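# Descriptive structure summary
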Amino acid sequence: MAAEGGGKETNEIKTQFTTREGVYKLLTHSEYSRPNRVPFNSQGSNPVKVSFVNVNDQSGNGDRICFNVGRELYFYIYKGVRKAADLSKPVDKRIYKGTQPTCHDFNPLTATAESVSLLVGFSAGQVQLIDPIKKETSKLFNEERLIDKSRVTCVRWVPGSESLFLVAHSSGSMYLYNVENTCGTTAPHYQLLKQGDNFAVHTCKSKSARNPLLRWTVGEGALNEFAFSPDGKFLACASQDGFLRVFGFDAAELHGTMKSYFGGLLCVCWSPDGRYIVAGGEDDLVTVWSFLDCRVIARGHGHKSWVSVVAFDHCTTSVEDGELPAEFSGSDEDFHEQIHFGAGRERANSSHSRLSKRNSTESRPVSVTYRFGSVGQDTQLCLWDLTEDILFPHLPLSRTRTHTNVMSATSPTATGQTVTTVSITSTTNSSGTNGKDNVSDSSACGIPANALPDPLPRSNSLPQATNPAGGSTPNSHTGSSCSSSSSSKGNSIIDSTFIATKFATLSLHDSRKERNEKDHKRNHSMGHISSKSSDKLNQLSSSRTVKAEAAKTLGTTLCPRMEELPLLEPLVCKKIAHERLTVLIFLEDCLVTACQEGFICTWARPGKVGLLSSQNNPANSPSGTVV
């Protein structure tokens, strides 16, 4: 069990937590699970996943929920905070033999009260298109496993399309399908369309239209998750080799890259305005990456094991500036940003994210808060605030700030006091110079590399200069090896000593009990890299390469050292389940989490408890099940 060990405290499950906007409460009667409410024996199973769709039902109860538990797939009317869940009446239930559902996605464009289009990916590589309202199965893709035999890790409808969808596999490949096309009776033949830095795109050679339309091969090892930008123009991919790669989807061009501190990246999400990407993974960190600048701007540490899901809260994310909602005071970046996105990106010009044309010397800066959350294999939910002292550390804005790695939030005169350990031109695809000519080389020189940023109190960041968690110890283990780019791939750069030291120095509350708990949970979560032995072999075979790459990238703009970036503290960090968490979804009046035992929990936002307030009793069983 992910949460066992380490004393009695570790089994205390929280049923509410408080943020600046109020109290979030667990609604035990709004819990969804298998009809018998029996905890699922999750050992060796694929992660529980949840998908939502709104069918625009005239009754005002249009939300539908789909979730997988083991070999089973359920489809319910989701009543949220309004009414208790009735698990005895699933709209549809399916039990699969020989394979397990791993992920799923609704098409919001085609959803009606009479019909929905649901894609389901499976552990053996197939993808099924079903209609759980009509209880129909319309098509099965990759049925003979001629396209890819590995587990489906992520499936998504292409935004704005009723027929195109994208499927990622643990082989490291992605395939673009059209629901109207067949998959053929022979293995597809491919022709190279585009090739770049550790990725390639192929078209399918065929006389008649067939699937797949395209094959993407991205990085080394499994492609764990991908996410489309809010405008659908860009695609962010999180891979087992530790790289985040962001592509222009239609042109299949690499926009930028980022490298995890170590280990694979498991999850990725976009901010509602498309300006920032957050990724999480096996380094136990959440990493914030700027889409415009193509660089890491902050890391957050609160989890004690692998981060399995990250998600932005579009309801709590706010941009306030007296009269106009704005995310920048006026600067050269306004101009370059608009050129970069072009006239086609209406979202950037919407009332939510349009830019203020104010002078950059204005005394009162804009107020920006991005709220995002994360859940992990340590059974904890963390909420984070990303505020303007992280996003715009050197107000008034200057031309040199776009490429600084070390950021000081408390002194507006610290524009020149920046540190970069490597010149911008030393990296490819992530230098942040795409379409931007406002880069000053002066930001890469003049200050010794041991300078540390000031505390960042408003964004819950650790004071780097005074806190021993600054990351100097891990870097002392890796500095020599990462400076040698010719180190052989066989060398084990990140050894067990480095891992143990890193977690000791990163800890926010460094007690012996928590260190033991970390070790326990890390050992637990390693056993769940994949439920397929073939996937484990693929990941082991590429581990040496990944370790060698980590040595080369640490200390560059791809992967800054720990002391070069603000280290965020979570606003909230609560243990909310007995088993590892696999789902975090923010809805308008609640947030939804799920654990590997198969319990899907609804947490009412402050003031949104509604009809269930009298029914909720914190004394209920810790897992939230109804006794």
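Being a predicted model, the structure only gives us computed values, none of them experimental.

## A few points about the overall build of the protein
When helices and strands are counted, the protein shows seven helices and 33 strands. Within the span of the protein, comprising 627 residues, buried residues form 59% of the whole. In the protein, once contacts between residues fewer than 6 apart in sequence are set aside, the share between residues at least 24 apart is 64%. Total accessible area computed for the protein in this model is approximately 24,200 Å², and 49% of it derives from carbon and sulfur atoms.

## Overview of the pattern of salt bridges
One pass over the full model with this rule turns up 13 salt bridges. A salt bridge links R295 to D293; the nearest nitrogen and oxygen atoms lie 3.8 Å apart. Judged by relative accessible area, R295 falls into the buried class, the value being 3%. Across the salt bridge formed by D313 and R605, the nearest N and O atoms sit 2.8 Å from each other. Taken together, the residues span a long stretch of sequence, with D313 in the loop between β25 (307-312) and β26 (318-320) and R605 in the segment after β33 (600-604) at a distance of 292 residues.

## Re the pairing of strand β28 (residues 380-387)
The element β28 is extensively covered by neighbouring structure, given that eight of its eight residues are classed as buried. In terms of strand pairing, strand β27 (residues 367-376) meets β28 through seven bridges, oriented antiparallel. The residue of β28 that forms the bridge with V375 is L381. The pairing of β28 with strand β30 (residues 572-575) spans four bridges and is classified as antiparallel. Looking at the pairing, C382 lines up with C573 of β30.

## Things to note about the nonpolar core
Y32, V50, I65, F67, Y76, Y78 and I600 are the most contacted members of the largest nonpolar core, which totals 22 residues. Within the residue set of this core, elements represented by two or more residues are β2 (22-32), β4 (63-69), β5 (72-77), β32 (590-595) and β33. What Y76 contacts, discounting residues up to four positions off in sequence, is Y32, S33, P35, R64, I65, F67, D86, L87, K89, P90 and V91.

## Details of unusual backbone geometry
The linkage connecting N211 with the following residue, P212, adopts the cis geometry, with an omega of -5°. Looking at the secondary structure, you find P212 in the loop between β15 (199-205) and β16 (214-218). At N142, a position not held by glycine, the phi torsion is positive, near 55°. Residue placement: N142 occurs in the loop between β10 (136-141) and β11 (152-157).

## Some words on the UniProt feature "repeat: WD" (unreviewed entry) in the protein
Feature annotation in UniProt assigns "repeat: WD" (unreviewed entry) to the following positions: residues 258-290. With 0% helix and 61% strand, the stretch residues 258-290 has end C-alpha atoms that lie 10 Å from each other.

## Observations concerning the sheet that holds β5
Adjacent strands of a sheet pair through backbone hydrogen bonds, lying either parallel or antiparallel. Strand order in this open sheet of four strands is β3-β4-β5-β6, and the pairing throughout is antiparallel. Every other strand in the sheet has two partners, leaving β3 (50-54) and β6 (92-95) as the edge strands with one partner each. Each neighbouring strand pair of the sheet contributes to a mean axis angle of 15°, computed without reference to strand direction. The pairing of β3 with β4 spans five bridges and is antiparallel. Note that in β4 the partner of S51 across the bridge is C66.

## Some points on the packing of aromatic side chains
Within this structure, the stated rule accounts for 25 aromatic pairs. With 5.7 Å between their ring centres and 65° between their planes, Y32 and Y76 make a pair best called edge-to-face. Taken as a pair, Y32 in strand β2 and Y76 in strand β5 lie far apart in primary sequence, 44 residues in all. Each of the two residues, Y32 as well as Y76, counts as buried. Between the aromatic rings of F75 and F106, the centroid separation amounts to 5.9 Å while the plane-to-plane angle is 55°, which identifies the pairing as tilted. Taken as a pair, F75 in strand β5 and F106 in strand β7 (residues 101-106) lie far apart in primary sequence, 31 residues in all. Of the two residues, F75 and F106, both sit in the buried class. Geometry around Y190 places R215 over its ring, the cationic atom sitting 4.2 Å from the centre.

## Points about the side chain of D313
You can call D313 buried: its relative accessible area is 1%. For D313, the side chain forms a polar contact with the side chain of T316, separated by 2.6 Å. Setting aside chain neighbours within four positions, we find D313 in contact with Y24, R371, F372, F586 and R605.

## Observations concerning the sheet that holds strand β20 (residues 253-259)
Here we have four strands laid out as an open sheet, ordered β17-β18-β19-β20, and antiparallel in their pairing. The open sheet has two free edges, formed respectively by β17 (223-228) and β20, since each of these has just one partner strand. Adjacent strand axes in the sheet meet at a mean angle of 20°, parallel and antiparallel pairs treated alike.

## As for the pairing of β10
Pairing of strand β9 (residues 127-131) with β10, which is carried by five bridges, proceeds in the antiparallel orientation. What sits directly across from L129, in β10, is K139. The turn joining β9 and β10, which pair antiparallel and follow one another in sequence, is formed by four residues; a positive phi near 60° is taken by K135.

## Observations concerning the confidence of the model for the protein
Per-residue pLDDT for the protein has a mean of 74; in total, 62% of the residues score no lower than 70. Of the regions scoring below 50 in pLDDT, residues 397-459 engages in 146 contacts with residues more than four places distant in sequence or in other chains. Every residue in residues 461-533 scores below 50 in pLDDT, and together they form 138 contacts with partners more than four places removed in sequence or on other chains.

The rules we used
- Residues numbered from 1 in each chain as written.
- Predicted model: local features only at pLDDT ≥ 70, side-chain atom pairs only at ≥ 80, totals over all residues.
- Heavy atoms only, no water.
- Helix = DSSP H or I, 4+ residues; strand = E, 2+ residues; numbered from the N terminus.
- Buried < 20%, exposed > 50% of the residue type's maximum accessible area, 1.4 Å probe, protein only.
- Contact = heavy atoms within 4.5 Å.
- Areas by Shrake-Rupley, 256 points an atom, 1.4 Å probe, with all protein chains shown as cover.
- Salt bridge = Lys/Arg side-chain N within 4 Å of Asp/Glu carboxyl O.
- Pairing = 2+ DSSP bridges.
- Core = buried A, V, L, I, M, F, W, Y, C linked by side-chain atoms within 4.5 Å.
- UniProt positions renumbered as here; feature names shortened; annotations may be inferred.
- Axes fitted to C-alpha atoms, helices over the stretch in contact; angles between N-to-C directions.
- Phe/Tyr/Trp six-rings, centres within 6.5 Å; stacked < 30°, edge-to-face > 60°.
- Lys NZ or Arg CZ within 6 Å of the ring centre and 35° of its normal.
- Polar contact = N/O pair within 3.5 Å; in protein donor to acceptor, adjacent residues only side chain to side chain.
- pLDDT = per-residue confidence, 0-100.

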